[in-house]
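Survey of secondary and tertiary structure
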Amino acid sequence: MYKKIVEKETSIAVIGLGYVGLPIALEFAKKVKVVGFDINQERVNMMNNHIDPSEELEKEAFENCDIVFTADKTDLKSATFFVVAVPTPIDQHNLPDLKPLLSASKIVGEVLKKGDYVVFESTVYPGCTEEDCIPVLEQVSGLKFKEDFKVGYSPERINPGDKEHTLHNVVKVASGCCEESLEEIAQVYELVVQAGVHRASSIKVAEAAKIIENTQRDVNIALVNELSMIFNKMNINTYEVLEAAGTKWNFLNFRPGLVGGHCIGVDPYYLTYKAKEFGFHAQIINSGRSVNDGMGAYIAKNTIKKIISSGVHVGESKVLVMGATFKENVSDIRNSKVADVIEELKSFGATVDVIDPHASSEHLKHEYNFGLVDKLSNNYNAVIVAVNHKEYCDYDENYFKSITTKDALVYDLKGIYKGKIRDLNYLSL
C-alpha cells in the first residue's frame, strides 16, 4: 500500500475536511495524490477557491497540492487508503453522538474494495473503531475485515489556532489491526509527520491514549477552577497564586477558565460513557466535568452580585461580553461556554451585548440565539472579558472607562489585565 501511494499508483482519500481533515489532506497532497471529500458542497466550493472554511489555513497552504476536492461519493472510488476525520460530538444529554462517524463509515463502505485500508482519526472511546465502525464497513461493502480490507486508528492532535504545535512537529500515534497494517499505516503518516510516528500495540490502546489526553487536561483545569472559587472567597488573586506556585519545577501550569470546544469539553464524556458499560462510575472525571460545565453560571452569578452591590437594579443593568468563540484567536464557536454565561446573565434580567472580532454573528444566532453588536454603548455596568483574543490584550483602563459607568466591573477571566485596572472594580478567576 505504501509503495503504491508513494508512486502515485493510487490515492489517499480524506473524509471530512474540517479543522482536522483539511490540514492533513493538504500535507499528503504535497507528496501524493489525494481526494478530499466533504458532504458540504458549499465548503468544497470554498476549498476549490483556496479558502479554508475553518479560517485556520492561508491560501498558500493549498499551493502545489495534488488534490481533488469533492462532495461526490463516486470520486472516492479511485482511492485505496481512506482517512476518516469527521466530528464526534455529544448530544444534549452528554452522550456520544456517533452519527457523523457512522455516516462516514457508510460512505467509505460504499466504495471499499479488496486490499483497501481505512484509518480513523476521530476521537472515540476505546473499542469504537472495532465495535461500531468496522461492522458498518463490512455490512455496506460486503467485504470481510482483515481478510479483504485492513483498518487502523491514528488519533488527530490538531490544536485549533496553534501555529507552533502543527501536524509536522507533533508525534503521531498510529495503530493497525495487524503488524503488517500497522507498519503500512505508520509509513504513510511518516510522509508528512517529521516528528515521527509512535506505533501503538493495538487500536484500543491508540483510542485510549487519545481520549485521556483531553480528559487529563479537563480534570486539571477543573481543579484550578475549583481553587479559583476558593481563593475568590478568600480575596486572593488566583493568578498570583499560580505564578508563585509555578516557581517549583514540577508544578503543572494550568489556568482557570471556561472549558468548551469540541475536544476538552466533549472527550471525557466518551470515556465515562464507555466506563459505565463496564459498571464503573468515573468519579474524578465526572466531578471535573461538573465543575467545568458549571463555570458559565458561576461567572454570571458573580457578575450579578457585583452589579447589585454597586446599587444598580439587575433589570436595568447592561453587561458587555467580549469574546464568544470557544478559545482565543479562532472563529470556532462550537460548544462555546461563553453562551452559558450569556444565558445565565439574561435569566437575571440583564441586557447583554456581545462582541468578537473572529466569530460570525450569523453563526452565533443560528447556534445560540444571540448575535454580535456593531456599536458599543458607554454605560455598561460590567464588562466580562471572556476570551483573550489578541485584539484585546493591549486595551488599558481608559478604554474600559470609556464604555462603562463609574463603578463598573471588569471581569477578566484570563487575568490579562492583572495590575492594569485600578479605578474600576476588577475581578479575575
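Residues numbered from 1 in each chain as written. Predicted model: local features only at pLDDT ≥ 70, side-chain atom pairs only at ≥ 80, totals over all residues. Heavy atoms only, no water.

1. Topic: the sheet that holds strand β2 (residues 34–37)
- Strands sit in the order β3-β2-β1-β4-β5-β6-β7-β8 across an open sheet of 8 strands; the sheet is mixed. Looking at the sheet topology across the chains shown, the edges are occupied by β3 (67–70) and β8 (197–199). Within this sheet the neighbouring strands show an average axis-to-axis angle of 25°, counted without direction.
- Relative to strand β4 (residues 79–84), strand β1 (residues 11–15) runs parallel, the two being bridged by 5 bridges. In the strand pairing of β4, alanine 13 is matched with phenylalanine 82.
- Together, β1, β2, β4 and β5 (117–120) form the strand contacts of helix α4 (residues 99–111), whose direction differs from that of β4 by roughly 180°. (Pairing = 2+ DSSP bridges. Helix = DSSP H or I, 4+ residues; strand = E, 2+ residues; numbered from the N terminus. Axes fitted to C-alpha atoms, helices over the stretch in contact; angles between N-to-C directions. Contact = heavy atoms within 4.5 Å.)

2. Quick word on the UniProt feature "domain: UDP-glucose/GDP-mannose dehydrogenase C-terminal" (unreviewed entry) in the protein chain
- Mapped onto this numbering, the UniProt entry annotates "domain: UDP-glucose/GDP-mannose dehydrogenase C-terminal" (unreviewed entry) at residues 320–419.
- Along residues 320–419, the helical share is 24% and the strand share 23%, with 21 Å between the first and last C-alpha atoms. (UniProt positions renumbered as here; feature names shortened; annotations may be inferred.)

3. As for the pairing of strand β12 (residues 404–412)
- Sheet topology places strand β11 (residues 380–385) next to β12; 5 bridges connect them, and they run parallel. Following the sheet pairing, alanine 382 is matched in β12 by leucine 409.
- Handedness of the crossover joining β11 and β12 through helix α14 (residues 397–402) is recorded here as right-handed.
- Alignment of β12 against strand β13 (residues 425–428), held across 4 bridges, turns out to be parallel. Considered in β13, the bridge of aspartate 412 is made with serine 428. (Right-handed = clockwise from strand over helix to strand, strands pointing away.)

4. Considerations on the pattern of salt bridges
- The tally for this structure, following the rule as stated, stands at 24 salt bridges.
- For glutamate 277, the salt bridge identified is with lysine 274, shortest N-O distance 3.0 Å. Of this pair, glutamate 277 and lysine 274 both sit in helix α9 (residues 267–277), 3 residues apart, which is roughly one turn of that helix.
- The class of lysine 274 is buried, set by a relative accessible area of 7%.
- A salt bridge links aspartate 423 to lysine 401; the shortest N-O distance between them is 2.6 Å. Taken together, the residues span a long stretch of sequence, with aspartate 423 in the loop between β12 and β13 and lysine 401 in helix α14 at a distance of 22 residues.
- Residue aspartate 423 is classed as exposed on the basis of its relative accessible area, which comes to 56%.
- A residue is classified by how much of its surface remains accessible, and lysine 401, at 35% relative accessible area, is partly exposed. (Salt bridge = Lys/Arg side-chain N within 4 Å of Asp/Glu carboxyl O. Buried < 20%, exposed > 50% of the residue type's maximum accessible area, 1.4 Å probe, protein only.)

5. A short note on the state of the cysteines
- According to the stated counting rule, one finds 0 disulfides in the structure shown.
- Cysteine cysteine 128 shares no disulfide, and the gap to the nearest cysteine sulfur, in cysteine 133, comes to 4.4 Å.
- As a non-bridged cysteine, cysteine 263 has cysteine 128 as the owner of its nearest cysteine sulfur, 16 Å distant.
- Residue classification places cysteine 263 among the buried positions, given a relative accessible area of 14%. (Disulfide = S-S within 2.5 Å.)

6. Concerning unusual backbone geometry
- Positive phi, close to 60°, is recorded for asparagine 235, a residue that is not glycine.
- Its place among the elements puts asparagine 235 in the loop between α7 (203–233) and α8 (238–245).
- The exposure class assigned to asparagine 235 is exposed, which follows from its relative accessible area of 74%.
- Even without a glycine there, the phi angle at asparagine 329 is positive, about 65°.
- When you line up the elements, asparagine 329 lands in the loop between β9 (318–322) and α12 (338–347).

7. A word on the packing of α9 against helix α10 (residues 283–293)
- For the pair α9 and α10, the least separation of the axes is 10 Å and the interaxial angle reads 145°. Where α9 crosses over α10, the two elements pack in a sense that is left-handed. Two secondary-structure elements touch here, α9 through Pro268, Tyr269, Leu271 and Thr272 and α10 through Ile285, Asn286, Arg289 and Asp293. (Left-handed = near helix turned anticlockwise from the far one by under 90°.)

8. A few points about the sheet that holds β13
- What the 5 strands build is an open sheet, ordered β10-β9-β11-β12-β13; its pairing is parallel. Each end of this open sheet is capped by a strand with a single partner; those strands are β10 (351–355) and β13. Within the sheet, the average angular offset between the axes of one strand and its neighbour, ignoring direction, is 20°.
- The sheet contact formed by β9 and β10 spans 5 bridges and is parallel. Each residue of the ladder has a partner; that of lysine 318, found in β10, is threonine 351.

9. A look at empty space enclosed by the protein
- Inspection of every chain in the model, using the stated rule, returns 1 cavity of 30 Å³ or more.
- The computed volume of the largest cavity comes to approximately 80 Å³.
- Around the largest cavity, the lining residues are Val20, Ile24, Glu121, Glu156, Arg157, Ile158, Thr166, Leu167, Val170, Val171 and Lys172.
- Its residues assigned to classes, the lining of the largest cavity shows 6 nonpolar, 1 polar and 4 charged. (1 Å grid on protein atoms, 1.4 Å probe; cavity = no way out; pocket = protein on both sides within 12 Å on 5 of 7 lines; lining within 4 Å. Points joined across faces, edges and corners; volume = space filled by probe spheres on them. Nonpolar A, V, L, I, M, F, W, Y, C, P; charged D, E, K, R; others polar.)

10. Digging into the side chain of aspartate 97
- Structurally, aspartate 97 can be placed in the loop between β4 and α4.
- A polar atom in the side chain of aspartate 97 sits 3.0 Å from the side chain of lysine 99.
- Contact partners of aspartate 97, with chain neighbours within four places excluded, come to Thr88, Pro89, Ile90, Asp91 and Tyr270. (Polar contact = N/O pair within 3.5 Å; in protein donor to acceptor, adjacent residues only side chain to side chain.)

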